[in-house]
Amino acid sequence: MSARFQAEHTAIAGLTLLTRSRLGDERGFLSRLFCGEELAAFGWPGPVLQVNETGTALKGTVRGMHFQHAPFAEWKLVTCVQGRILDVAVDLRQGSPTLLRHVAVELSADNCRSLLIPPGFAHGFQALSDDVRMIYTHSAPYRAEAEGGLNPEDPRLAIAWPLPVERLSARDQAHPLVTSEFEGLIV
Ligand SMILES: Cc1cn([C@H]2C[C@H](O)[C@@H](COP(=O)(O)OP(=O)(O)O[C@H]3O[C@H](C)C(=O)[C@H](O)[C@H]3O)O2)c(=O)[nH]c1=O
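Basis of the calculations
Residues numbered from 1 in each chain as written. Predicted model: local features only at pLDDT ≥ 70, side-chain atom pairs only at ≥ 80, totals over all residues. Heavy atoms only, no water. Helix = DSSP H or I, 4+ residues; strand = E, 2+ residues; numbered from the N terminus. Near = heavy atom within 4 Å. Polar contact = N/O pair within 3.5 Å; in protein donor to acceptor, adjacent residues only side chain to side chain. Areas by Shrake-Rupley, 256 points an atom, 1.4 Å probe, with all protein chains shown as cover. 1 Å grid on protein atoms, 1.4 Å probe; cavity = no way out; pocket = protein on both sides within 12 Å on 5 of 7 lines; lining within 4 Å. Sits in = over half its atoms within 2 Å of the grid points. Nonpolar A, V, L, I, M, F, W, Y, C, P; charged D, E, K, R; others polar. Buried < 20%, exposed > 50% of the residue type's maximum accessible area, 1.4 Å probe, protein only. Pairing = 2+ DSSP bridges. Core = buried A, V, L, I, M, F, W, Y, C linked by side-chain atoms within 4.5 Å. Contact = heavy atoms within 4.5 Å.

Trainee: Just checking my understanding: could you explain unusual backbone geometry for this structure?
Mentor: Glycine aside, negative phi is the norm for most residues, and most peptide bonds take the trans geometry. The amide bond that connects Gly64 to the next residue, Met65, takes the cis arrangement and shows omega of -5 degrees. Looking at where Met65 falls in the secondary structure, it is placed in strand β6 (residues 62-68). With omega at 5 degrees, the peptide bond leading from Ala70 into Pro71 counts as cis. Relative to the helices and strands, Pro71 is located in the loop between β6 and β7 (76-82). Positive phi values are uncommon outside glycine, yet Asp131 reaches one of about 55 degrees. For Asp131, the location among the structural elements is in the loop between β11 (121-127) and β12 (132-138). For Ala158, which is not glycine, the phi torsion reads 50 degrees and is therefore positive. Note that Ala158 resides in the loop between β13 (147-149) and α2 (170-173).

So this is what it looks like as structure tokens:
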């Protein structure tokens, strides 16, 4: 069986952009949102432990920048199944040559792209359309006590959000700014 995902390396080692194929016929299509066999080749470590859906009503809304601390640091496959977003992953891995660098890519229901994010990255996105739906596939369970976050408007991250940042949650507004002493996460 031919591969269901085409992979593109990004400017940050370990962070992979996937494009899923659609098997179509006169009724419509089928596409695979996750495939353990194929994604293992890009680092996915084992069973899927959680799948989440989020809905974001209005364009301009930003969610992020989220991560989980060890031992609940996780692989995360981020997929937009309705609408369009700018998806951003920030490298927080201690010792990484790209520490605090980010990759920003457009994900949409139409471009069939997903971002495969290893542990040690903060993730966030901005809705570029109304009525966005996201599917998150996680390699670790959600643990509130392990949650961490960065402010999406942190000048040290220098994320160029395409639209004015709107509707940040109170928690996302309260994330600490990165200091010059930040050495990264051990994951
Ligand atoms: C992540 C998560 C959250 N929650 C609870 C915690 C809060 O009571 C509520 C909303 O959580 P939060 O505000 O973190 O949701 P988002 O800001 O939409 O976070 C999402 O968007 C950003 C961009 C991401 O990268 C997260 O992985 C993703 O979950 O759901 C759960 O019950 N399970 C979970 O797995």
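Picking up after the structure, the text goes on.
Trainee: Got a minute to help me understand the site of the ligand in this structure?
Mentor: Around the ligand, 13 residues are found, and the nearest of them are Gln50, Asn52, Arg63, His123 and Arg171. Between an oxygen atom of the ligand and a side-chain N or O atom of Lys76, the distance comes to 2.9 Å. When isolated, the ligand has an accessible area of 640 Å², and the protein chains bury 67% of it. More than half of the atoms belonging to the ligand lie within 2 Å of the grid points that define the largest pocket. Of all elements in the fold, only β5 (50-56), β6, β11 and β12 reach the threshold of two or more residues within the shell around the ligand. Looking at the shell around the ligand element by element, the count peaks at three residues for β5. Taken together, the residues of the shell around the ligand sort by class into two nonpolar, seven polar and four charged.

Trainee: How do you make sense of the pairing of strand β10 (residues 113-117) when you look at a structure like this?
Mentor: A regular strand places its side chains so that they alternate between the two faces of the sheet. The buried fraction of β10 is high, at four of five residues. Bridge count for β7 against β10 is four bridges, and the pairing is antiparallel. Residue pairing for β10: Thr79 is matched across the bridge by Ser114.

Trainee: Sorry, what's going on with the nonpolar core here?
Mentor: The nonpolar side chains of soluble globular proteins are, as a tendency, buried together. Core analysis: the largest hydrophobic core is formed by 18 residues, its most contacted members being Leu15, Ile85, Leu107, Leu115, Ile117, Val132 and Met134. Apart from residues lying up to four places away in sequence, Ile117 is in contact with Leu15, Glu74, Trp75, Lys76, Val78, Ala89 and His123. One finds Val88, Leu128, Leu150 and Leu185 within the second-largest nonpolar core, a separate group that totals 17 residues.

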